[in-house]
Amino acid sequence: GAVVSQHPSRVICKSGTSVKIECRSLDFQATTMFWYRQFPKQSLMLMATSNEGSKATYEQGVEKDKFLINHASLTLSTLTVTSAHPEDSSFYICSAFRPGDTQYFGPGTRLTVL
Amino acid sequence: QKEVEQDPGPLSVPEGAIVSLNCTYSNSAFQYFMWYRQYSRKGPELLMYTYSSGNKEDGRFTAQVDKSSKYISLFIRDSQPSDSATYLCAMTPFLSNFGNEKLTFGTGTRLTIIP
């Protein structure tokens, strides 16, 4: 149990385009989902916390107009990177909180902006 | 100073050896401590988590927490090549049913088990 999926696993886009990443909890309902970014050889940095049906809470230094998060249901959260630039290239990982337990992570999405 | 410090390695040990991975932290509010394993280009996988001080064992893995020293460890016995991965420690002050706790991660230690 506690499976979290992400789609796509890898995306390459041109600078200036927008990219949407989906995060799904497959076998449980997640009241809270988290979005992380991981640069090479660095740890996971929390970008935002997303609660179903409410606005996401962004960490300091994360532009909420650039990284749009929607948590439309208890099993789906989306992260849209708007007007992506090469410096946004990174590994984006979501996690979903299973009530009474802990966070379970998705496999990640590698974004490359050309 | 980072809240959580972890030696990034890389660490290479021969198959069958005991591996010791460690993290130190500065925030005394941390009460829950996790260890994750992350294979290359994959998301982290939870190995185990412990509450407060003490030991916890799960198969070949043992987690130790010493809150007085703000020091946690993960031991891997009878290490296997399949254990080769990056190991991340993480911690949080609390776990709630509301799921809004934030995890603070170490940078991860890259481990290679040599056959």
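Here is what the cut-offs are and how they apply
Residues numbered from 1 in each chain as written. Chains lettered and ligands numbered in written order. Predicted model: local features only at pLDDT ≥ 70, side-chain atom pairs only at ≥ 80, totals over all residues. Heavy atoms only, no water. Pairing = 2+ DSSP bridges. Helix = DSSP H or I, 4+ residues; strand = E, 2+ residues; numbered from the N terminus. 1 Å grid on protein atoms, 1.4 Å probe; cavity = no way out; pocket = protein on both sides within 12 Å on 5 of 7 lines; lining within 4 Å. Points joined across faces, edges and corners; volume = space filled by probe spheres on them. Nonpolar A, V, L, I, M, F, W, Y, C, P; charged D, E, K, R; others polar. Contact = heavy atoms within 4.5 Å. Buried area = accessible area lost by both parts, 1.4 Å probe. Salt bridge = Lys/Arg side-chain N within 4 Å of Asp/Glu carboxyl O.

> Looking at this model, I keep getting lost on the sheet that holds strand 1 (residues 4–5) of chain B. Mind explaining?
The strands that make up a sheet are held in pairs by hydrogen bonds between backbone atoms, and each pair lies either parallel or antiparallel. All names here are of chain B. The sheet built from five strands is open, its strands ordered 1-3-8-7-6 with antiparallel pairing. Bordering the open sheet on either side are strand 1 and strand 6 (54–58), each of which pairs with just one other strand. As paired strands, strand 1 and strand 3 (residues 19–25) are joined by two bridges and run antiparallel to one another. In the sheet register, V4 faces strand 3, and the bridge partner there is Y25.

> Looking at this structure, I do not really get the layout of surface pockets. What am I missing?
Gaps between atoms show up when a probe of the same size as a water molecule is rolled over them. Each pocket or cavity is described by its volume, and for the largest pocket that value is around 590 Å³. For the largest pocket, the lining is made up of 21 residues, of which Q38(A), P40(A), K41(A), T86(B) and R110(B) are closest to its centre. Sorting elements by how many residues they give to the lining of the largest pocket places strand 9 (residues 85–92) of chain B first, with three residues. Here the residues of the lining of the largest pocket sort into eight nonpolar, nine polar and four charged. Its boundaries defined by the atoms lining it, the second largest pocket holds a volume of some 370 Å³. Of all the elements in the fold, those that place two or more residues in the lining of the second largest pocket are strand 5 (44–51) of chain A together with strand 10 (104–105) of chain B. Taken together, the residues of the lining of the second largest pocket break down into six nonpolar, four polar and four charged.

> Where do I start with the pairing of strand 5 (residues 45–51) of chain B in this structure?
On a regular strand, each side chain points to the face opposite its neighbour's, so the side chains alternate between the two faces of the sheet. Residue and element names in this part refer to chain B. The pairing of strand 4 (residues 32–38) with strand 5 spans six bridges and is classified as antiparallel. Following the sheet pairing, W35 is matched in strand 5 by M48. Turn length for the strand 4-strand 5 hairpin, with the two strands adjacent in sequence and antiparallel, is six residues, and the turn residue R41 shows positive phi of about 65°.

> Would you mind going over the interface of chain A and chain B with me for this structure?
Bring the parts together and some accessible area is lost; that lost area is often taken as the interface size. Residue-level contacts link 25 residues of chain A with 22 residues of chain B. Carbon and sulfur atoms make up 53% of the surface buried where chain A meets chain B, a total of about 1,700 Å² over both sides. Contact with chain B buries area across many residues of chain A, yet S43(A), T102(A) and F105(A) alone supply 25% of it, more than any other trio. At the boundary of chain A with chain B, the tally comes to one salt bridge. For E59(A), the salt bridge goes to K102(B), with nearest N and O atoms at 3.0 Å. Mapped onto the side of chain A that touches chain B, the elements with two or more residues apiece are strand 4 (32–38), strand 5, strand 9 (90–97) and strand 10 (103–105) of chain A. Looking at the side of chain A that touches chain B, the element that brings in the most residues is strand 4 of chain A, giving four residues. Of the residues belonging to the side of chain A that touches chain B, the class tally is 11 nonpolar, 10 polar and four charged.

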